[in-house]
Each structure stands twice: as C-alpha cells, then as structure tokens.
Amino acid sequence: MITTVTLNAAIDKTYYVPLFTQKSVMRVQRFYAEAGGKGINVARVISQLGKPVLATGFAGGFNGRFIRQELDRQQIQHDFVEVAGESRLCLNIINELDGISTEILEPGPVISDTAMEQFTVKFKELAKRSVVVCISGSLPAGVPKDFYAKLVSLAKGEGAVVLLDTSGEALQRGAEAAPYLIKPNEQEAAQLIGKSVSDAREMIEQLVSMERMNIPCITISLGSEGSLAYVQGAYYRVKPPLIDAVNTVGCGDSFMAGMAVCIAEGRSIEESLRYATAVGSANALNEKAGYINKADVDELLKQVKVVQL
Ligand SMILES: Nc1ncnc2c1ncn2[C@@H]1O[C@H](COP(=O)(O)OP(=O)(O)O)[C@@H](O)[C@H]1O
Ligand SMILES: O=P(O)(O)OC[C@H]1O[C@](O)(COP(=O)(O)O)[C@@H](O)[C@@H]1O
C-alpha cells in the first residue's frame, strides 16, 4: 500500500475569471472545489492511475467533512485525525486571458499536542502496512518544525520508503532524517541551500554536497522545463513534452504520485522519472488541480526525454 500524509489538508478551490485585476469586481466563470492539500492531491492522482492508496493527516470542521466526503465519493481510502478548528481553503484564481494563476492559501487550524500524539500512533501503524509513505505540504500551526523528521524516522523504522515534498524549515529538518527522495522546486531548493543559484546543475550539486544531506534521490522540479535529478551518484536531465498548459497547480503533487507508484512497483529510476514527468505534465492539461487522465499519461509518456548527464 502507498500512504500519503497531509497535515494541512484543504479544500482546493479553482476560480476561472476573464481578467484578474485589483480593485475590481470579478465574476467567476467556472469553478471547482476539491479535497486538496499536497498529500491528498498525491492520493487522488495515485488512485486515478489505478493503484491502491490511503490518505491520512489532520482534518477539521465543515471543510474537514467536505474533504472526507469527497474522498469517499472518489473511493479513496482515508484515515484522518479529527481536529478542532477548520481545515483550510486554498484558492487558485486563473486568469483566462493568459492562464496566469494566483494562489491564496489559508494557514489552516492550530493542531493540539493531543491530536499530534493520536496521529503519531496512527501513522506508525499505517507505515507498518505501507511500501511507500509520501509526506507532502506545509505544517499547520502548532506542529513543531521537526515533526516531518520524526515521521520520516518512524516510517523508515517500520520498513517503508519515504518521499518528502515540503518547503522551508520543515524540509530542512525533514531532509536531515534522510528520506529516500525529496522534490524541491527551484525556489524551495534555493531556500534549502540558503541562496539562489541560476544554474540548475550547480544547484543540485550544492544540495547533494550539503552536510547532513544523506538522501539517495533528489529531484529539482523546473515546471515546464522538467527536472534535474540526482540518484545514487548519477545525474539525469528530464524534459517533459511541450504542451498547452491549462492549470499547473498540482503538477508537483502529480509528479510525486508517479514516483510513489513506480517506487512501490520497483521500477528503474529512468523509468520512474519518465513516468512521474508524464503524470506531472498530464495534470497541467486538466482544469482541476491534482487531476489527471490516465490516457493523457500514456500519450505523454512517449514524448518525455530522460538523459543521464
Ligand atoms: N507547463 C508544463 N508543461 C509540461 N510539464 C509540466 C509543466 N508544469 C509542470 N510540469 C511537469 O510537472 C513537474 C512538476 O512541476 P513543478 O511546477 O516544477 O512542481 P511544483 O508544482 O511542485 O512547483 C515538472 O517537473 C514537469 O515535469
Ligand atoms: O501545503 P502547502 O505547501 O501550503 O501547499 C498547498 C497547496 O499546494 C497544492 O497542493 C499544489 O501544490 P503543487 O502545485 O506544488 O503540486 C495546492 O493544491 C494546495 O493548495
């Protein structure tokens, strides 16, 4: 089984407006409301790829009920710890004119020590039953910055392969617990090394050589430019197909879903990078965030290029 972790679950709302402008009244043309937050997106995409998955984390209030209901409707197994307060709303406003997206993300509820203890017990149990554990997204208030590091160590102790996709201090501390894979985008990678480097190859080399960074697989995702990966001593450049992107929110989560599936199935690293890239690109073709059509993945797969450097 693959388990995905979303400590800061959300309702991901996508608004399509003709022209996004400040100081004006805008009428929404189309909108979508989905169970979201990074790990939940990962779970949905894994499920759309036809693989078994379970989503866990914290959920609370009316929004938490909506999230659970949506997961039920999409027949995605879930096991969340109920918390006081409201799970957050994440808004993605897409300008129809040029496709530019503006994201407004609520902070989420404050998590109590009791909820964290409850989650830790549940997580250990789920990790024991999982081949891969994928931990994604920001930490809600109240959760200590080293909580992902603790989860990484617990899951590894239970024999699971751990993938971590987060940012800032949560990533820095989590990375020190040596998950199998991290996937920062350029901005997150720059935060991790403490400065921005314009050349992606130089950036990944700096990440690899960082002290206390003992991670077998590091991939820096570069949006429409694909990614640069380091896997156990070798570097790879991955180029996605040229597509007409509609909504790129959730591409990183879709990439993670592809990697999780391939790692769970024991596929080679080149095959995994190719597949994950096709899944990430397939998400960009969809109006909803964290949504793919399997037929798109199969088609795009033929056009992804993976080159060992
Ligand atoms: N416009 C795009 N065209 C094709 N593929 C894309 C596009 N945007 C993202 N992808 C694919 O999805 C992956 C993850 O996207 P990225 O935007 O880098 O991650 P994040 O959402 O975490 O910032 C990329 O490495 C790429 O393979
Ligand atoms: O947990 P975070 O880091 O605050 O991010 C939450 C947001 O990330 C997303 O999952 C999208 O992430 P990606 O575009 O990186 O795949 C949104 O759906 C969600 O609103």
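All figures in this text were calculated on a predicted structure; none of them were measured in a lab. (Residues numbered from 1 in each chain as written. Chains lettered and ligands numbered in written order. Predicted model: local features only at pLDDT ≥ 70, side-chain atom pairs only at ≥ 80, totals over all residues. Heavy atoms only, no water.)

Attention shifts here to the packing of aromatic side chains. By convention here, two paired aromatic rings are described through the distance between centres and the angle between planes. A full pass over the atoms with the stated rule returns 6 aromatic pairs. Taken together, a centroid distance of 5.2 Å and an interplanar angle of 50 degrees make the contact between Phe-58 and Phe-119 tilted. Pair noted here: Phe-58 is in strand S4 (residues 53-60) and Phe-119 is in helix H3 (residues 113-128), with a separation of 61 residues, a long-range link. For Phe-58, a relative accessible area of 1% corresponds to the buried category. Judged by its relative accessible area of 0%, Phe-119 falls in the buried class. Each residue in the set Phe-58, Phe-119, Phe-123 and Phe-147 is aromatic and connected to the rest through ring pairs, giving one cluster. One residue, Arg-201, lies across the ring of Tyr-235, its end atom 4.3 Å from the ring centre. (Phe/Tyr/Trp six-rings, centres within 6.5 Å; stacked < 30°, edge-to-face > 60°. Helix = DSSP H or I, 4+ residues; strand = E, 2+ residues; numbered from the N terminus. Buried < 20%, exposed > 50% of the residue type's maximum accessible area, 1.4 Å probe, protein only. Lys NZ or Arg CZ within 6 Å of the ring centre and 35° of its normal.)

Right, let's talk about the side chain of Asp-12 for a bit. Counting through the fold element by element, Asp-12 comes out in strand S2 (residues 10-17). Of the side chains with opposite charge, Arg-44 comes closest to the buried, unpaired Asp-12, at an N-O distance of 5.6 Å. Residues within four places of Asp-12 in sequence aside, it is in contact with Tyr-32, Ala-33, Glu-34, Gly-36, Gly-37, Asn-41 and Cys-90. (Lys, Arg positive; Asp, Glu negative; His and termini not counted. Salt bridge = Lys/Arg side-chain N within 4 Å of Asp/Glu carboxyl O. Contact = heavy atoms within 4.5 Å.)

This brings us to the site of ligand 1. By nearness alone, 17 residues border ligand 1, and Lys-183, Ser-221, Gly-223, Gly-226 and Ser-281 come closest of all. Contact distances for ligand 1 include 2.8 Å between an oxygen atom and a backbone N or O atom of Gly-226. Gly-252 places a main-chain nitrogen or oxygen 3.1 Å from an oxygen atom of ligand 1. Within the complex, 87% of the 560 Å² of free accessible area of ligand 1 lies under protein. Secondary structure elements with two or more residues in the shell around ligand 1: helix H8 (251-264) and helix H9 (269-284). Among the elements that line the shell around ligand 1, the one with the most residues is H9, at 3 residues. Looking at side-chain class alone, the shell around ligand 1 contains 6 nonpolar, 10 polar and 1 charged residues. (Near = heavy atom within 4 Å. Polar contact = N/O pair within 3.5 Å; in protein donor to acceptor, adjacent residues only side chain to side chain. Areas by Shrake-Rupley, 256 points an atom, 1.4 Å probe, with all protein chains shown as cover. Nonpolar A, V, L, I, M, F, W, Y, C, P; charged D, E, K, R; others polar.)

The values reported here are purely geometric and, on their own, carry no functional implication.
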